[in-house]
Amino acid sequence: MDRRFLLRLGAFLGTGSLLGARANERVPYKDFKKETPVAVVYHLDFGDPNRFGQMLTNISNHLSVYDNDPFKIKIVVVAHGAGVQFFLKDLEGTPWASAQYDREALFSRVKQLAQLGVEYYLCEITFSRNNIPKDKLRPDEFLKWVPSGVGALGELQAKGYAYIKVG
């Protein structure tokens, strides 16, 4: 079995770290594959926490109609720009330092979806251009780096992922 299959199976079973997933690994575009009948990329470039919460609800609903089965559907969230804030340990020293919302409640929902196989790809360019140290990213293995968020969106669509943007 290939590594991505084992990681997805591990995410489904809640044991991804036992199968060799590394926290915040970098995913090269060449590794993007459409491995399920339905594959979807959600585009997250906004910083509105209510809109982000609605996106998480949409993803949960989306998964539910496929019985939360990671062999039937693959969902990836690509975050860049203001969308990366939802995955940071803290907002100090970032453009979103004054944001006021329940960050832990939202991230709890992110983790619940990750247990169902949802992966989150974060844009390295956003971190670089905003002088955000990479170690501000939470260390969860389902949070992965991509060289460019918009580049990843294009690559995933070219490989058969449907594109969805909430709002």
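Structure: above.
Residues numbered from 1 in each chain as written. Predicted model: local features only at pLDDT ≥ 70, side-chain atom pairs only at ≥ 80, totals over all residues. Heavy atoms only, no water.

**A short note on unusual backbone geometry**
With the exception of glycine, most residues fall at negative phi, and the peptide bonds are largely trans.
Logical step 1: Phi at Asp67 is positive, roughly 60°, even though this residue is not glycine.
Logical step 2: Turning to its location among the elements, Asp67 is positioned in the loop between α2 (49–64) and β2 (73–79).
Logical step 3: The phi angle at Asn131 is positive, at roughly 50°, despite the residue not being glycine.
Logical step 4: If you trace the backbone, Asn131 turns up in the loop between α4 (124–129) and β4 (143–146).
Logical step 5: For Asn131, a relative accessible area of 65% puts it in the exposed group. (Helix = DSSP H or I, 4+ residues; strand = E, 2+ residues; numbered from the N terminus. Buried < 20%, exposed > 50% of the residue type's maximum accessible area, 1.4 Å probe, protein only.)

**Description of the pattern of salt bridges**
Logical step 1: In the structure shown here, the tally under the stated rule is nine salt bridges.
Logical step 2: Of the charged contacts, one joins Lys72 and Asp67 as a salt bridge, the two residues approaching to 2.7 Å between their closest N and O atoms.
Logical step 3: The class of Lys72 is partly exposed, set by a relative accessible area of 33%.
Logical step 4: Here Asp67 falls in the exposed class, since its relative accessible area comes to 55%.
Logical step 5: With a shortest N-O distance of 2.6 Å, Lys134 and Glu124 are connected by a salt bridge. Here the residue Lys134 occupies a position in the loop between α4 and β4, and Glu124 occupies one in helix α4, the gap between them amounting to 10 residues.
Logical step 6: Overlapping salt bridges, with partners in common, bring together Arg26, Glu124 and Lys134 in one network. (Salt bridge = Lys/Arg side-chain N within 4 Å of Asp/Glu carboxyl O.)

**So, the sheet that holds strand β5 (residues 162–164)**
Logical step 1: An order of β4-β3-β2-β1-β5 is seen for the five strands of this open sheet, with the pairing classed as parallel. Here the strands that pair on one side only, and so sit at the sheet edges, are β4 and β5. Pairs of neighbouring strands in the sheet enclose a mean axial angle of 30°, with direction left out of account.
Logical step 2: Across the face of the sheet, helix α5 (residues 149–158) comes into contact with β1 (38–44), β2, β3 (119–123), β4 and β5 while running at roughly 155° to β2. (Pairing = 2+ DSSP bridges. Axes fitted to C-alpha atoms, helices over the stretch in contact; angles between N-to-C directions. Contact = heavy atoms within 4.5 Å.)

**Some words on the packing of α2 against helix α3 (residues 103–114)**
Logical step 1: Interaxial distance between α2 and α3 falls to 11 Å at its minimum, and their mutual angle equals 20°. Here α2 lies roughly parallel to α3, going by the angle between them. Like other packed secondary-structure pairs, α2 and α3 cross with a definite hand, here left-handed. Contacts between α2 and α3 involve Pro49, Phe52, Gly53, Leu56, Thr57, Ile59, Ser60 and Leu63 from the former and Leu106, Arg109, Val110 and Leu113 from the latter.
Logical step 2: Here the contact of α2 with α3 is built from residues that sort into eight nonpolar, three polar and one charged. (Parallel < 35°, antiparallel > 145°, perpendicular 65-115°, else oblique. Left-handed = near helix turned anticlockwise from the far one by under 90°. Nonpolar A, V, L, I, M, F, W, Y, C, P; charged D, E, K, R; others polar.)

**A few points about the pairing of β4**
Logical step 1: Where burial is concerned, the two faces of β4 agree: the one with Leu143 and Trp145 and the one with Lys144 and Val146 are both buried.
Logical step 2: The pairing of β3 with β4 spans four bridges and is classified as parallel. What sits directly across from Tyr120, in β4, is Leu143.
Logical step 3: Handedness of the crossover joining β3 and β4 through α4 is recorded here as right-handed. (Right-handed = clockwise from strand over helix to strand, strands pointing away.)

**Structural notes on the environment of Ser60**
Logical step 1: Residue position: Ser60 is located in helix α2.
Logical step 2: Under the relative-accessibility criterion, Ser60 is labelled partly exposed at 34%.
Logical step 3: Between the C-alpha atoms of Ser60 and Arg109, which are 49 residues apart in sequence, the distance is 9.4 Å.
Logical step 4: Setting aside its immediate chain neighbours within four residues, Ser60 contacts Asn68 and Leu113.

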